[in-house]
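Spelled out, the chains give:
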Amino acid sequence: MRSAGARAALRVLALACRVAGWALLALVAADAVLPAGPRTLLLGVNGFVSRLVPAPLLGLFVFQTPFGGALRGDFAVLAIVLLVLDWIFRRLSASPR
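Residues numbered from 1 in each chain as written. Predicted model: local features only at pLDDT ≥ 70, side-chain atom pairs only at ≥ 80, totals over all residues. Heavy atoms only, no water.

**Observations concerning the overall build of the protein chain**
Stated formally: Think of it this way: any DSSP run of H or I at least four residues long counts as a helix, any run of E at least two long counts as a strand, and we number them from the N terminus. To get the radius of gyration, use the C-alpha atoms; to get the globule rule, take the number of residues to the power 0.38 and multiply by 2.2 Å. Residue burial is assigned from relative accessible area. The probe radius is 1.4 Å, only protein chains are included, and a residue is buried under 20% of its type maximum, exposed over 50%, and partly exposed in between. We call two residues contacting when some pair of their heavy atoms lies within 4.5 Å. Each accessible area is a Shrake-Rupley result for a 1.4 Å probe, and residues are judged covered by the shown protein chains and nothing else.
When you go through the protein chain residue by residue, the secondary structure sums to four helices and two strands. Starting at the N terminus, the α and β elements of the protein chain follow one another as α-α-α-β-β-α. Here the C-alpha atoms of the protein chain give a radius of gyration of 16 Å, more than 25% beyond the 13 Å that 2.2 N^0.38 yields for 97 residues. For the protein chain, the spread of C-alpha atoms along the principal axes amounts to about 55 × 25 × 20 Å. Per-residue burial over the protein chain gives 31% buried out of 97 residues. Partitioning the intrachain contacts of the protein chain with sequence separation of at least 6 by distance along the chain shows that 60% fall at a separation of at least 24. Approximately 6,200 Å² of the protein chain is accessible, and the part contributed by carbon and sulfur atoms is 75%.

Shown next, in the form of structure tokens:
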């Protein structure tokens, strides 16, 4: 049986992963469809997130879009990993063992 503190910590980790995952997906969408002017406002955010992406994944699956942006596949993969971790942590926090 997990303690209440461990379950609470898992729920907090799940929430953090969920928020970060959805924020990354929003950034992927913004990078792909925003015109050049507004997209330049995201350069700092993109730089920060790029530093958090593991080196073997950085720059993979990046494709130019017809809108002039880029689909950042490396960010999308990281977002999916975070959302899967959210699901795992939520399952573990609800588990009676």
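**Some words on the confidence of the model for the protein chain**
Rule in force here: A residue's pLDDT is simply how confident the predictor is in it, with values from 0 to 100.
On average, residues of the protein chain score 89 in pLDDT, and 97% of them reach the 70 mark or higher. Considering each helix and strand of the protein chain separately, the mean pLDDT is smallest for helix H2 (residues 36-40), with a value of 80, and largest for helix H4 (residues 73-94), with 94.

**Here's the deal with the side chain of aspartate 86**
Here aspartate 86 shows up in helix H4. You can call aspartate 86 buried: its relative accessible area is 3%.

**Some remarks on the packing of helix H1 (residues 4-33) against H4**
Quick note on the threshold: The axes used here are C-alpha line fits, helices contributing only the stretch in contact, and every angle between their N-to-C directions lies in the interval 0 to 180 degrees. Under this scheme an angle from 65 to 115 degrees is roughly perpendicular, one under 35 degrees roughly parallel, and one over 145 degrees roughly antiparallel; angles in between are oblique. By the definition used in this description, the sense in which the near helix is turned from the far one sets the handedness, with an anticlockwise turn below a right angle giving left-handed and a clockwise turn giving right-handed. Residues were grouped as follows: Ala, Val, Leu, Ile, Met, Phe, Trp, Tyr, Cys and Pro as nonpolar; Asp, Glu, Lys and Arg as charged; and all remaining residues, including Gly, as polar.
Interaxial distance between H1 and H4 falls to 8 Å at its minimum, and their mutual angle equals 160 degrees. Taken together, the axes of H1 and H4 are roughly antiparallel relative to one another. Here H1 and H4 pass one another in a crossing that is left-handed. Broken down by class, the residue content of the contact of H1 with H4 amounts to 20 nonpolar, two polar and six charged.

**Digging into the packing of aromatic side chains**
The line we're drawing: Two aromatic rings from Phe, Tyr or Trp, using only the six-membered ring of Trp, form a pair when their centres are within 6.5 Å; if the ring planes differ by under 30 degrees the pair is stacked, by over 60 it is edge-to-face, and anything between is tilted. Any Lys NZ or Arg CZ found within 6 Å of a ring centre and within 35 degrees of that ring's normal is scored as a charge over the ring.
Summed over the entire model, instances satisfying the criterion amount to zero aromatic pairs. The residue whose ring lies beneath arginine 72 is phenylalanine 75, and the NZ or CZ to ring-centre distance is 4.1 Å.

**A word on the side chain of serine 50**
Mapped onto the elements of the fold, serine 50 is located in helix H3 (residues 43-52). Residues within four places of serine 50 in sequence aside, it is in contact with Leu58, Arg72 and Phe75.

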